[in-house]
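Chain by chain, the residues run as shown.
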Amino acid sequence: MHCYLGADIGGTNIVCGVVDGEGNLLAADKLPTEAAGGFASVVGRLAEAAKRLLAALPQYTCVAAGVGVPGFVDHERGIVVKAVNLGWDDMPLADELGRQLGVPVRINNDVRMYIYGEATAGAGRGRRFVLGVTLGTGIAAATVNEGRLHYGSGSRAGELGHFGMPGIPYRCVCGLTGCLETVASATGIARQARDAIAAGERTVLADWFPGERAAELTAADVSRAFDAGDETARRILRHTGTMLAQGLAPAISLISPDMLVLGGGASKAGERLFAPMREELTRIVHPMFMSGLKIEVAKHLDDAGIIGSALYAREQTAAGG
Ligand SMILES: [Zn+2]
């Protein structure tokens with residue numbers, strides 16, 4: 001039986017796994033990226049981990065591998081053009097990994113691979129027009145229309161996190177002020193909570209994270225405070241959901257998806273965040289778009305990148321690409 005290897009190279013960890021033709025994850029492993037060791041070392045260790053996984057599945061034959069990388073990827077040439085977190089510029093990842101594994105390798109941007117996995121074998125399975133958004137350190141999006149990823153000019157499609165919105169005061173890492181992702185991301189949720197503590201709001205978060213410990217606060221703690229009935233946490237998640245809706249509304253009108261998948265770390269807030277988002281979407285997006293739109297949290301969460309990369313490699317190699 002054929003199987004496909006999928007990997008997601010993050011700034012901290014690499015996750016890799018073996019997927020069958022249906023998108024079922026057969027085995028997976030995680031290893032530290034150790035990007036400081038350099039490109040050759042990272043690729044070598046990924047190849048070793050992949051070979052170990054495949055050796056434990058002798059009934060399967062690996063026929064292709066896919067890799068998602070955080071940054072700008074030339075998927076047609078198989079080159080990582082720029083991955084700031086990894087310190088990579090113009091790295092021939094597909095060729096190098098392909099040489100070590102002995103199978104064709106296809107690479108792409110990590111968010112695209114994550115959403116491709118959800119669109120083809122996750123929450124969006126069976127849907128034709130999928131808009132996927134990941135809420136992690138930042139916000140990024142990808143669209144899969146009838147099984148095909150949309151890239152746009154310069155392969156820039158999906159950079160949803162970086163447009164300025166009225167009412168957001170924060171300066172973004174990109175240099176602009178008011179970017180959506182400064183609020184509506186895991187980092188943004190934690191930032192708002194720290195601001196509330198600094199402003200002297202009465203919140204359990206101030207008790208849990210006194211003084212300098214506020215730096216340790218994460219989006220998950222805001223959800224925990226929400227569940228404890230904390231008004232500040234409720235306000236923050238409501239505001240975040242509302243901003244997210246305002247950022248997504250034009251995209252929904254433009255693309256007219258039948259499925260909106262939300263993934264990434266902050267999506268674990270679930271309905272605490274998505275109930276106000278849905279409420280705002282219903283208020284500002286025309287009902288003709290909303291009536292056929294299903295909204296769900298990613299099904300595979302942490303594994304979506306592996307599954308997406310593997311299935312992308314399958315699709316690309318089957319097409320002779
Ligand atoms: Zn920005």
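Conventions we followed
Residues numbered from 1 in each chain as written. Predicted model: local features only at pLDDT ≥ 70, side-chain atom pairs only at ≥ 80, totals over all residues. Helix = DSSP H or I, 4+ residues; strand = E, 2+ residues; numbered from the N terminus. Buried ≥ 20, exposed ≤ 12 C-beta atoms within 10 Å, placed from the backbone. Contact = placed C-beta atoms within 7 Å. Expected span 1.5 Å × (residues − 1). Domains from an automatic or database assignment. Pairing = 2+ DSSP bridges. Axes fitted to C-alpha atoms, helices over the stretch in contact; angles between N-to-C directions. Parallel < 35°, antiparallel > 145°, perpendicular 65-115°, else oblique. Left-handed = near helix turned anticlockwise from the far one by under 90°. Core = buried A, V, L, I, M, F, W, Y, C linked by C-beta atoms within 7 Å.

**A look at the overall build of the protein chain**
1) Next: Looking only at helices and strands, one finds 10 helices and 13 strands in the protein chain.
2) Next: Projected onto its principal axes, the C-alpha coordinates of the protein chain cover approximately 60 × 50 × 35 Å.
3) Next: Residues classed as buried in the protein chain amount to 45% of the 321 residues present.
4) Next: In the protein chain, of all internal contacts separated by at least 6 residues, the share reaching a separation of at least 24 is 66%.

**Let's talk about helix H3 (residues 110–121)**
1) Next: Here H3 is 12 residues long and its end C-alpha atoms lie 16 Å apart, about the 16 Å a rise of 1.5 Å per residue gives.
2) Next: Of all 12 residues in H3, 12 are buried; the element is thus mostly enclosed.
3) Next: Listing the buried residues of H3 in full gives Asp110, Val111, Arg112, Met113, Tyr114, Ile115, Tyr116, Gly117, Glu118, Ala119, Thr120 and Ala121.

**Quick look at the domain arrangement of the protein chain**
1) Next: Assigned domains of the protein chain: these are domain 1 (2–118 + 302–318) and domain 2 (126–297).
2) Next: Look at where the C-alpha atoms of domain 1 and domain 2 centre, and you get two points 27 Å apart.
3) Next: If you look at the interface, domain 1 gives seven residues, while domain 2 gives nine residues.
4) Next: Examining the composition of the side of domain 1 that touches domain 2, we find that six residues originate from one element, H3, more than from any other.

**Quick word on the pairing of strand S4 (residues 61–69)**
Across a regular strand the side chains alternate sides, sitting on one face of the sheet and then on the other.
1) Next: Summarising burial for S4: seven of the nine residues are buried, a large majority.
2) Next: Here seven bridges tie strand S1 (residues 2–9) to S4, and the two strands are oriented parallel to one another. Counted as the bridge partner of His2 is Thr61 from S4.
3) Next: Inspection of the sheet shows S4 paired to strand S8 (residues 105–109) by five bridges, in the parallel sense. Pairing of Gly66 across the sheet is with Arg106, part of S8.

**Some thoughts on the packing of helix H7 (residues 231–255) against helix H8 (residues 271–284)**
1) Next: At a minimum axis distance of 7 Å, the contact between H7 and H8 shows a crossing angle of 45°. What the angle tells us is that H7 and H8 run oblique. Crossing of H7 over H8 shows right-handed handedness. Within the contact between the two elements, H7 uses Leu237, Arg238, Thr240, Gly241, Thr242, Leu244, Ala245, Gln246, Leu248 and Ala249 and H8 uses Arg272, Leu273, Phe274, Ala275, Pro276, Met277, Glu280, Leu281 and Ile284.

**Concerning the environment of Asp74**
1) Next: One can find Asp74 in strand S5 (residues 72–74).
2) Next: C-alpha separation for the pair Asp74 and Val18, spaced 56 residues apart in sequence, amounts to 24 Å.
3) Next: Excluding anything up to four places from it in sequence, Asp74 contacts Ile79 and Val81.

**Examining the sheet that holds strand S2 (residues 13–20)**
1) Next: Reading across the sheet, the five strands line up as S3-S2-S1-S4-S8 and stay open at both edges, with mixed pairing between neighbours. With one partner strand each, in any of the chains shown, strand S3 (25–32) and S8 form the two edges of the open sheet. Across the sheet, the axes of successive neighbouring strands diverge by a mean angle of 20°, strand direction being ignored.
2) Next: Relative to S2, S1 runs antiparallel, the two being bridged by seven bridges. Following the sheet pairing, Ile9 is matched in S2 by Ile14.
3) Next: Contacting S1, S2, S3 and S4, helix H1 (residues 39–55) runs over the sheet at an angle of about 35° to S2.

**Section: the nonpolar core**
1) Next: Counting residues in hydrophobic clusters, the biggest one holds 95 residues, and the most contacted among them are Tyr4, Leu46 and Val222.
2) Next: Each of two domains, domain 1 (2–118 + 302–318) and domain 2 (126–297), supplies a minimum of three residues to this core.

**A word on the sheet that holds S5**
1) Next: The strand order across the open sheet built from three strands is S5-S6-S7, with neighbouring strands paired in antiparallel fashion. Pairing within the sheet leaves two strands with one partner each, and these edge strands are S5 and strand S7 (88–91). Averaged over all pairs of adjacent strands, the angle between their axes in this sheet comes to 15°, without regard to strand direction.
2) Next: Relative to strand S6 (residues 79–83), S5 runs antiparallel, the two being bridged by three bridges. Opposite Phe72, over in S6, you have Lys82 as the bridge partner.

**So, unusual backbone geometry**
1) Next: Unusually for a residue other than glycine, Ser155 sits at a positive phi of about 60°.
2) Next: Tracing the backbone shows Ser155 in the loop between strand S11 (148–149) and helix H4 (186–198).
3) Next: Despite not being glycine, Ser256 has its phi angle at roughly 50°, a positive value.
4) Next: Secondary-structure assignment places Ser256 in the loop between H7 and strand S12 (259–263).
5) Next: For Ser256, a count of 13 C-beta atoms within 10 Å translates into the label partly exposed.

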